[in-house]
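Letter by letter, the chains look like this.
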Amino acid sequence: MASIESVTLDVADPTAANHFYTTAFGLDTQVRLRASQAPTTGFRGFTLSLTVSQPATVNGLIDAALDAGATPLKPAAKSLWGYGGVVQAPDGTVWKVATSAKKDTGPATRQFDEIVLLLGVADVTASKRFYVGRGLAVAKSFGGMYVEFAAGSNPVKLALYRRRALAKDAGISPDGTGAHRITIGGDAGPFTDPDGFAWEAASPALAP
């Protein structure tokens, strides 16, 4: 079964970005950084999510991100599915921190259960077919609305959502042009998917 081992974000200042991600979320090798000035404007067509165990942990991570320089997009709040909020990192990447729990069961921690890479695509059904053809296994599928692939023991889970719906969920305008400024590392690559997201063969972790 094909899977994702890491994602690489193209950022203008890798040192500053590394400081942000370490300070805000405690991220390590799951998210890598690469210097790039690739032109991009507006919504880049994807979001990254940290799934956590309880609302107190959501609040703690959101607050840490804001203190480290993130911009709020959606304040943490209850919803039908749980509790979560959305911020935009200084490098422009949109991050959601969420839990399916609606009540705390203990003290807040800085631990997250998984990272989810949500790609905003033009045609969920077509992109699902594309990824299944490259060895990814479907874990959940809701027609042409949403698809989630099995991650196994890997740290990053892939999901597909319609682009405009994903932007609305993130609290950001769907308009955007230029580079996605993200590369996906896994054992399914290298290739570029129908929406222009690039995959590369997974490589050993790089020092920050």
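Below is a short write-up of the structure. (Residues numbered from 1 in each chain as written. Predicted model: local features only at pLDDT ≥ 70, side-chain atom pairs only at ≥ 80, totals over all residues. Heavy atoms only, no water.)

### So, the nonpolar core
Core analysis: the biggest nonpolar cluster contains 45 residues, and F25, W95, L117, L119 and Y131 have the highest contact counts within it. Ignoring any residue separated from it by four or fewer positions in sequence, one finds Y131 in contact with L119, L136, F149, L158, L160, F191, D193 and W199. (Core = buried A, V, L, I, M, F, W, Y, C linked by side-chain atoms within 4.5 Å. Buried < 20%, exposed > 50% of the residue type's maximum accessible area, 1.4 Å probe, protein only. Contact = heavy atoms within 4.5 Å.)

### Topic: the layout of surface pockets
Taken as a whole, the largest pocket encloses approximately 710 Å³ of empty space. Lining the largest pocket are 20 residues; nearest its centre among them are W81, K96, L118, Y146 and E148. Contributing elements (two or more residues each) for the lining of the largest pocket: β4 (46-51), β7 (94-99), β8 (114-121), β9 (138-142), β10 (146-149) and β11 (156-162). A class-by-class count of the residues in the lining of the largest pocket yields 10 nonpolar, 4 polar and 6 charged. (1 Å grid on protein atoms, 1.4 Å probe; cavity = no way out; pocket = protein on both sides within 12 Å on 5 of 7 lines; lining within 4 Å. Points joined across faces, edges and corners; volume = space filled by probe spheres on them. Helix = DSSP H or I, 4+ residues; strand = E, 2+ residues; numbered from the N terminus. Nonpolar A, V, L, I, M, F, W, Y, C, P; charged D, E, K, R; others polar.)

### A look at the side chain of R181
When you line up the elements, R181 lands in the loop between β12 (176-178) and β13 (182-186). For the buried R181, which has no salt bridge, the nearest side chain bearing the opposite charge is D10, at an N-O separation of 5.3 Å. Within polar-contact distance, the side chain of R181 engages the backbone oxygen of A38 at 3.3 Å. Residues contacting R181, with those up to four places away along its chain left out, are T8, L9, D10, V11, A12, S36, Q37, A38, T40 and R44. (Lys, Arg positive; Asp, Glu negative; His and termini not counted. Salt bridge = Lys/Arg side-chain N within 4 Å of Asp/Glu carboxyl O. Polar contact = N/O pair within 3.5 Å; in protein donor to acceptor, adjacent residues only side chain to side chain.)

### Considering the environment of I4
Relative to the helices and strands, I4 is located in strand β1 (residues 4-11). Classification of I4 by relative accessible area gives buried; the value is 2%. With 197 residues separating them in the primary sequence, I4 and A201 have C-alpha atoms 9.7 Å apart. Other than its neighbours up to four places away in sequence, I4 contacts L117, N154, P155, V156, L158, I184, G185, G186 and W199.

### Section: the pattern of salt bridges
Under the criterion given, the structure shown has 5 salt bridges. Salt-bridge contacts for R34 lead to E200; the nearest nitrogen and oxygen are separated by 3.8 Å. Of this pair, R34 sits in strand β2 (residues 31-35) while E200 is found in strand β15 (residues 198-201), placing the two residues 166 residues apart along the sequence. On the accessibility criterion, R34 (35% relative accessible area) is partly exposed. K96 serves as the salt-bridge partner of D169, at 2.9 Å between the closest nitrogen and oxygen. In this pair, D169 is assigned in helix α4 (residues 163-170) and K96 in strand β7, connecting sequence segments 73 residues apart. Judged by relative accessible area, D169 falls into the partly exposed class, the value being 25%. Each of the salt bridges in this network shares a partner with another, and the network as a whole consists of D10, R34 and E200.

### Looking at the environment of A38
With respect to the element layout, A38 can be found in the loop between β2 and β3 (40-42). For A38, a relative accessible area of 22% gives the class partly exposed. Taking C-alpha positions, A38 is 34 Å from F142, a pair spaced 104 residues apart along the chain. In contact with A38, not counting residues within four places along its chain, are A179 and R181.

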